[in-house]
Amino acid sequence: QVQQNVERLFTRFVEEGKATVRLREPAVDLCLSKANVINLKTFLSAVRLAHQGNDTGVLPLSPLVPAKNSDVEKPKTKMIITSRRDYPLTKSFPFSLEHLQTSYCKLARIDTRVLSLRKLRKLDLSHNHIKQLPATLGDLVCLQELDLHDNHLEAFSGALCNSGLQKSLQFLDLSQNQIQALPLEFCQLRGLVQLRLDDNALLRLPCRIGQLSRLRFLSAARNKLPFLPSDFRKLSLENLDLFGNPFEQPNPLVPNIQLKIPLTLLECAARATVNHRIPYGCHLLPSHLCKDLEVAKTCRCGSACLSSFIQITVTMNLHHVAHTVVLVDNMGGTDAPVLCYFCSLGCYSQFLDRHLQSN
């Protein structure tokens, strides 16, 4: 339907065989390119007459000839840009893109035009100067691979971890940045299969990293990790690389005692809530208490503890969680210290007795 339905004709480049017809209903743009200039002008004249309500029988239209497959321009799904000189400043990115790479372009931030490419499955922004990630990056709900290595990132926001990336993101490369810690919400990215964190300044890994049940490849080499979180034991990896971290020497005989005797009412309530799986939420409890409950520690006996506990580090052979392990150090070791918690002196004493007997 053309009559009274053409909002505007864009004919600036008609001499190049290009034009755009903007319709009111449906609200779409019909983009014409590589057209014969004479035929294009005739077609646009016919569109104007039809829009004005002229009889279609007198319109100057030639018989319709089906286009050849070679004449039809397929939607562009992949674009690779590897220099600032080639970066498009005046042209838009094709909305059909599924794979976009813009590396070595000296980008200080993510282009807002990129954030509207809702079909993107792979986004490579490596080797740039990006310092911060916008929360709207999480609107790319089809995004499966995100490569951000060799940038200036200092954080990965919790907002991104609570976005549509939770279900879609499978590959994430944050290596060669300046990240010191990942947020608690990071473990909501449960679709992750491969995670690269090499060459950052990480002082710790997320305490609930065991929730990443689909994770198979983890690399966090050359960071500043003194030990691994207790939840690390729950991982089931194919490949693990933790080389070059300053791991502490485990010493179960030197505990960090944070016990509060007698237990506070808050500690008792928190332990009961976790142990009995009592539902809670921000509509029932203050948000800071909810966050504390989410990071409750688990004793060797299976019970929970919140702020009253005994903490030690013990040795774990990384082959317990990964099939292939890159050596932790130049001495050929595959052991690393992992945190261990006890809810009471009794639990710690039982562990200590077994430990001394085994040695």
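Residues numbered from 1 in each chain as written. Predicted model: local features only at pLDDT ≥ 70, side-chain atom pairs only at ≥ 80, totals over all residues. Heavy atoms only, no water.

## Points about the layout of surface pockets
Using the following cut-off: For each structure, a 1 Å grid was placed over the protein atoms alone; sets of points admitting a 1.4 Å probe that cannot get out are labelled cavities, open sets with protein on both sides within 12 Å along at least five of seven lines are labelled pockets, and lining residues have an atom within 4 Å of a point. Grid points are joined across faces, edges and corners, and a volume is the space filled by probe spheres set on the points. The helix count covers DSSP runs of H or I at least four residues long, the strand count covers runs of E at least two residues long, and both are numbered beginning at the N terminus. Any residue outside Ala, Val, Leu, Ile, Met, Phe, Trp, Tyr, Cys, Pro, Asp, Glu, Lys and Arg is labelled polar, Gly included; the first ten of those are nonpolar and the last four are charged.
Its volume calculated, the second largest pocket comes out at about 610 Å³. Elements supplying a minimum of two residues to the lining of the second largest pocket: β13 (297–298) and β17 (335–342). With 3 residues, the top contributor of residues to the lining of the second largest pocket is β17. Its residues assigned to classes, the lining of the second largest pocket comprises 15 nonpolar, 2 polar and 7 charged.

## Structural notes on the pattern of salt bridges
Rules: By definition, a salt bridge exists where a carboxyl oxygen of Asp or Glu is found within 4 Å of a side-chain nitrogen of Lys or Arg. Burial status follows relative accessibility: with a 1.4 Å probe on protein chains alone, a residue under 20% of its type maximum counts as buried, one over 50% as exposed, and anything between as partly exposed.
Scanning the model with the defined rule gives 9 salt bridges in all. With its nearest N and O atoms 2.8 Å apart, the salt bridge here joins Glu-15 to Lys-41. Of this pair, Glu-15 sits in the loop between β1 (6–10) and β2 (19–23) while Lys-41 sits in helix α1 (residues 37–51); the two residues are 26 residues apart in sequence, bridging distant segments of the chain. The exposed category is assigned to Glu-15, whose relative accessible area is 55%. The partly exposed category is assigned to Lys-41, whose relative accessible area is 38%. Its salt-bridge partner being Arg-271, residue Glu-267 comes within 2.9 Å of it at the nearest N-O pair. Here Glu-267 and its partner Arg-271 are both found in helix α4 (residues 265–275), 4 residues apart, which amounts to about one turn of the helix.

## Considerations on the domain arrangement of the chain
We count it as follows: In this document the domain limits rely on a domain assignment from an automatic tool or a database.
According to the domain assignment, the chain contains domain 1 (6–52), domain 2 (78–224) and domain 3 (256–317 + 337–358). In this structure, domain 2 and domain 3 have C-alpha centres spaced 34 Å apart.

## Quick notes on the state of the cysteines
Keep this limit in mind: By disulfide we mean two sulfur atoms from cysteines, separated by a distance within 2.5 Å.
If you walk through the whole model with that rule in mind, you get 0 disulfides. Just so you know, Cys-290 is unpaired, no disulfide at all, and the nearest cysteine sulfur is the one on Cys-282, 4.1 Å from it. Looking at Cys-290, the relative accessible area reads 4%, which means it is buried. Lacking any disulfide linkage, Cys-301 is separated from the closest cysteine sulfur, that of Cys-299, by 3.6 Å. On the accessibility criterion, Cys-301 (47% relative accessible area) is partly exposed.

## As for the sheet that holds β1
One key point about sheets: their strands pair by backbone hydrogen bonds, in either a parallel or an antiparallel sense. Note the following rule: In this scheme, strands are said to pair when DSSP sees at least two bridges between them. In this analysis an axis means a line fitted to C-alpha atoms, helices contributing only their contacting stretch, and an angle means the value between N-to-C directions, from 0 to 180 degrees.
Taken together, the 3 strands give an open sheet; going across it, the order is β1-β2-β3, and neighbouring strands pair in antiparallel fashion. Two strands close off the open sheet at either side, each with one partner strand: β1 and β3 (29–32). Recorded for the sheet is a direction-independent mean angle of 10 degrees between the axes of neighbouring strands. Note: β2 against β3, 4 bridges, orientation antiparallel. Bridging from a neighbouring strand, Ala-19 pairs with Leu-32 of β3.

## Here's the deal with the packing of aromatic side chains
Selection rule: Note on aromatic contacts: the rings of Phe and Tyr and the six-membered ring of Trp form a pair at centre separations within 6.5 Å, being stacked when their planes are under 30 degrees apart, edge-to-face when over 60 apart, and tilted otherwise. Placement of a charge over a ring requires the Lys NZ or Arg CZ to be within 6 Å of the ring centre, with the centre-to-atom vector within 35 degrees of the ring normal.
Counted by the stated rule, this structure contains 5 aromatic pairs. Relative to Phe-351, the ring of Phe-342 lies with its centre 5.2 Å away and its plane at 40 degrees, an arrangement referred to as tilted. Take Phe-342: its relative accessible area is 0%, and that puts it in the buried class. Residue classification places Phe-351 among the buried positions, given a relative accessible area of 8%. An aromatic cluster is defined as three or more aromatic residues linked by ring pairs; in this entry it consists of Phe-342, Tyr-348 and Phe-351. Stacked on the ring of Tyr-341, the Lys or Arg Lys-297 has its end atom at 5.8 Å from the ring centre.

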